[in-house]
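Each chain is listed here by its residues.
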Amino acid sequence: MLRSSHALLASLAVALPTATSAATQQSFKGEYTVSVHGFSVAKASFSSSYEGDTYSIEGSVSSAGLATIFDDTRGTVSSKGKISGKQLQPQAFRADYKSGDKASMIDIRFANGTVTATKVVPAPKKRNPKNWIPLAASHLASVLDPMAATVIHADSLYKVCGRTVKLYDGEMRANLTLTYESKGSTSVRGYKGDTVTCRLGFEPVAGYRKNRKSLDYLRKRSRITVTFAPVGQTGVYAPIHATVGTKIGTLTVSAERFEATK
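Residues numbered from 1 in each chain as written. Predicted model: local features only at pLDDT ≥ 70, side-chain atom pairs only at ≥ 80, totals over all residues. Heavy atoms only, no water.

Going through the model one piece at a time under the given rule, you end up with one aromatic pair. When the ring of Tyr191 is compared with that of Phe258, the centres are 6.1 Å apart and the planes differ by 70 degrees; the resulting orientation is edge-to-face. Here Tyr191 is found in strand S12 (residues 191-206), whereas its partner Phe258 is found in strand S16 (residues 249-260), with 67 residues between them in sequence. Taken as a pair, Tyr191 and Phe258 share a single burial class, namely buried. (Phe/Tyr/Trp six-rings, centres within 6.5 Å; stacked < 30°, edge-to-face > 60°. Helix = DSSP H or I, 4+ residues; strand = E, 2+ residues; numbered from the N terminus. Buried < 20%, exposed > 50% of the residue type's maximum accessible area, 1.4 Å probe, protein only.)

Turning to the pairing of strand S5 (residues 87-99), a few remarks are in order. Of the strand pairs in this sheet, strand S4 (residues 73-84) and S5 are connected by 12 bridges, and their pairing is antiparallel. Among the inter-strand pairings, Thr76 is bridged to a residue of S5, identified as Asp96. The antiparallel pairing of S4 with S5 creates a hairpin that spans two residues between the two strands, and Gly85 there sits at a positive phi of about 65 degrees. As judged from the eight bridges shared by S5 and strand S6 (residues 102-111), these two strands associate in the antiparallel manner. Within the sheet, the bridge partner assigned to Ser99 lies in S6 and is Lys102. Adjacent in sequence and paired antiparallel, S5 and S6 are bridged by two residues, among which Gly100 carries a positive phi angle near 65 degrees. (Pairing = 2+ DSSP bridges.)

As structure tokens, then:
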């Protein structure tokens with residue numbers, strides 16, 4: 001669930017708080033549900049911590065509800081790195097997941113914001129050069145992994161939108177463009193207060209097959225919104241709600257818990 005066109009959905013589902021400049025360690029907890037037409041299809045739980053100029057994130061994702069009948073997927077994900085100014089710089093990302101009897105793994109290593117190594121198991125099939133958009137070295141500079149890609153550093157809640165995030169999921173590079181949509185407020189376990197909603201544009205850059213219907217739908221027809229809330233007084237903003245238009249209906253990601261634990 002973390003490869004190709006699923007990277008966008010995964011990055012929204014596993015988005016969680018990390019912290020910025022603070023002298024002492026801070027820890028956060030995020031719990032999310034993913035639903036379609038009101039039916040739960042997945043759940044995610046993540047813990048993150050920050051100390052000094054480093055961050056680390058660990059979590060688990062699993063199918064839920066009716067989805068387990070068709071695709072029983074369970075996995076763990078982790079991301080760690082440094083915070084330089086107001087920018088996350090991943091050092092390592094790993095996802096291990098199992099769908100039925102099939103096990104998969106993605107491991108990405110970074111140095112100074114640039115991808116230095118990627119390992120995917122099972123290895124991707126041989127690509128047809130006639131319809132495949134290959135990755136170039138320039139595509140792997142200043143990128144974020146699927147977990148770090150949805151954490152925004154901004155001077156205020158209302159400056160979260162108006163930016164482009166470079167996402168790399170181990171195979172595909174894509175740009176996620178955030179534009180302002182509306183202000184609002186919400187109340188969940190651990191947070192009650194203001195939010196801002198951004199319209200999200202999805203644009204595949206490289207590492208994908210041309211004319212792939214699922215990607216074309218996300219790029220041209222899908223309406224995607226992400227609602228952000230502040231993580232305490234840290235200057236970090238993370239998704240607390242998101243919607244993604246799909247061919248079978250609107251997929252909704254909602255936080256059930258969004259709070260500091262230390």
